[in-house]
Amino acid sequence: MGEALIGLIGVVIGALMTAAKDIWVDRRSRQKNAEYLAIRVVSIFDRFIEGCVGVAGDDGLRDGQPTNEDGRLSVQVPAPGFDVQSLDVEWKSIPAQLMYEILSFSDLVALASHRVSGAFENDYEEGFEERQFQYASLGLRAAKIANDLRNSYGLPEREHEDWNPVEYLLGKREEIKKVRARREEQQSKFWNPDQKS
């Protein structure tokens with residue numbers, strides 16, 4: 001009976017060691033897959049942020065002058081593309097909330113594009129303002145997601161020698177918010193002349 005018990009204990013210990021090894025290998029593999037995903041996605045977001053900086057600075061003028069024959073503003077910087085859906089990475093290796101933020105970002109880009117198109121239909125100059133605002137906002141959101149990935153997977157911060165694109169985008173968005181607030185105040189005074197300041 002004693003030998004049978006020792007044999008049974010040996011089998012149980014062997015099974016537990018095998019299971020523990022499998023769990024460790026699976027966890028290690030999952031971590032490596034998550035790190036690889038983070039590196040790939042962060043690089044895509046970083047390029048997107050740089051594209052947003054260009055769009056946020058595009059006022060439709062070249063060398064201070066309109067470029068269309070009819071004297072209207074025209075887009076000088078194309079909108080950046082964003083595609084993470086086609087990446088061959090293990091999406092399930094990262095937390096669900098982070099995965100959702102990354103994969104749903106394409107929807108935010110599409111919504112911003114729709115808003116910009118609508119603004120251009122109403123007023124061409126305000127279309128450029130909306131375009132700058134939307135891409136400044138998208139760039140800031142992309143920077144937040146990229147930073148979340150960097151912090152979660154121990155990736156280094158992006159170094160900027162002379163200037164910080166996130167600070168530029170923040171400044172641009174705040175500048176536009178102030179312009180809009182002044183415009184709303186002027187419109188309110190126009191439509192409600194009896195209203196006290």
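Summarised in this report is the structure supplied together with it. (Residues numbered from 1 in each chain as written. Predicted model: local features only at pLDDT ≥ 70, side-chain atom pairs only at ≥ 80, totals over all residues. Heavy atoms only, no water.)

Here we come to the overall build of the chain. Scanning the chain for helices and strands turns up five helices and two strands. Shown N-terminal to C-terminal, the secondary structure of the chain runs as helices and strands in the order α-β-β-α-α-α-α. Of all 197 residues assigned to the chain, the portion counted as buried reaches 33%. Taking all contacts inside the chain whose residues are at least 6 apart in sequence as the whole, residues at least 24 apart take part in 73%. Just so you have it, the chain exposes about 13,200 Å², and 52% of that area is on carbon and sulfur atoms. (Helix = DSSP H or I, 4+ residues; strand = E, 2+ residues; numbered from the N terminus. Buried < 20%, exposed > 50% of the residue type's maximum accessible area, 1.4 Å probe, protein only. Contact = heavy atoms within 4.5 Å. Areas by Shrake-Rupley, 256 points an atom, 1.4 Å probe, with all protein chains shown as cover.)

Our focus in this paragraph is the nonpolar core. Grouped together as the largest cluster of nonpolar side chains are 36 residues, with contacts concentrated most on Phe45, Trp91, Ile102, Phe105 and Leu149. Of all elements in the fold, only helix H1 (2-56), helix H2 (96-103), helix H3 (105-122) and helix H4 (124-153) reach the threshold of two or more residues within this core. With 13 residues, H1 is the single largest residue contributor to this core. Not counting residues up to four positions away in its chain, the partners in contact with leucine 149 are Ala38, Val41, Val42, Leu98 and Ile102. (Core = buried A, V, L, I, M, F, W, Y, C linked by side-chain atoms within 4.5 Å.)

Our next topic: the layout of surface pockets. Looking at the largest pocket, its volume works out to about 180 Å³. Looking at the largest pocket, it is lined by 13 residues, and the ones nearest its centre are Asn147, Arg150, Arg158, His160 and Val166. Of all the secondary structure elements, the ones that give two or more residues to the lining of the largest pocket are H1, H4 and helix H5 (165-191). Tallied by class, residues from the lining of the largest pocket come to five nonpolar, three polar and five charged. (1 Å grid on protein atoms, 1.4 Å probe; cavity = no way out; pocket = protein on both sides within 12 Å on 5 of 7 lines; lining within 4 Å. Points joined across faces, edges and corners; volume = space filled by probe spheres on them. Nonpolar A, V, L, I, M, F, W, Y, C, P; charged D, E, K, R; others polar.)

Counted according to the given criterion, the structure contains seven aromatic pairs. Geometrically, the ring pair formed by phenylalanine 45 and phenylalanine 105 is edge-to-face, given 5.2 Å between the ring centres and 75° between the ring planes. Residue phenylalanine 45 is located in helix H1, and its partner phenylalanine 105 is located in helix H3; the two are separated by 60 residues in the primary sequence. Accessibility classification places phenylalanine 45 together with phenylalanine 105 in one group, the buried group. Here tryptophan 163 and tyrosine 168 contribute two aromatic rings whose centre-to-centre distance is 5.8 Å and whose plane-to-plane angle is 90°, an arrangement assigned as edge-to-face. A connected cluster of aromatic rings, assembled from ring pairs, spans Phe45, Phe48, Phe82 and Phe105. Over the face of the ring belonging to phenylalanine 133 we find arginine 180, whose NZ or CZ atom lies 4.5 Å from the ring centre. (Phe/Tyr/Trp six-rings, centres within 6.5 Å; stacked < 30°, edge-to-face > 60°. Lys NZ or Arg CZ within 6 Å of the ring centre and 35° of its normal.)

What follows is about the environment of arginine 183. Topologically, arginine 183 is positioned in helix H5. Relative accessible area serves as the criterion here: at 23%, arginine 183 is assigned to the partly exposed category. Contacts of arginine 183, omitting those with residues within four sequence positions, involve Glu126 and Glu129.

Glancing now at H2. Think of an α-helix as turning once every 3.6 residues; residues three or four places apart then point the same way. Buried within H2 are the following residues: Leu98, Glu101 and Ile102. End-on, the buried residues of H2 take up no more than an arc of 95°, which puts them together on one face. Every exposed residue of H2 that faces more than 90 degrees away from the buried side is listed here: Ala96 and Tyr100. (Arc of directions from axis to C-beta.)

This part covers the pattern of salt bridges. Counted according to the given criterion, the structure contains 12 salt bridges. Ionic pairing is found between lysine 144 and aspartate 148, a salt bridge with its closest N-O pair at 2.7 Å. Residue lysine 144 and its partner aspartate 148 are both found in helix H4; the two are separated by four residues, about one turn of the helix. Connected via shared salt-bridge partners are Glu126, Glu129, Glu130, Arg180 and Arg183. (Salt bridge = Lys/Arg side-chain N within 4 Å of Asp/Glu carboxyl O.)

On the secondary structure map, glutamine 85 appears in the loop between strand S2 (65-66) and H2. In the structure, glutamine 85 is positioned 18 residues away from leucine 103 in sequence and 6.9 Å away in space, judged by C-alpha atoms. One polar contact links the side chain of glutamine 85 to the main-chain carbonyl oxygen of leucine 103, over a distance of 3.2 Å. (Polar contact = N/O pair within 3.5 Å; in protein donor to acceptor, adjacent residues only side chain to side chain.)

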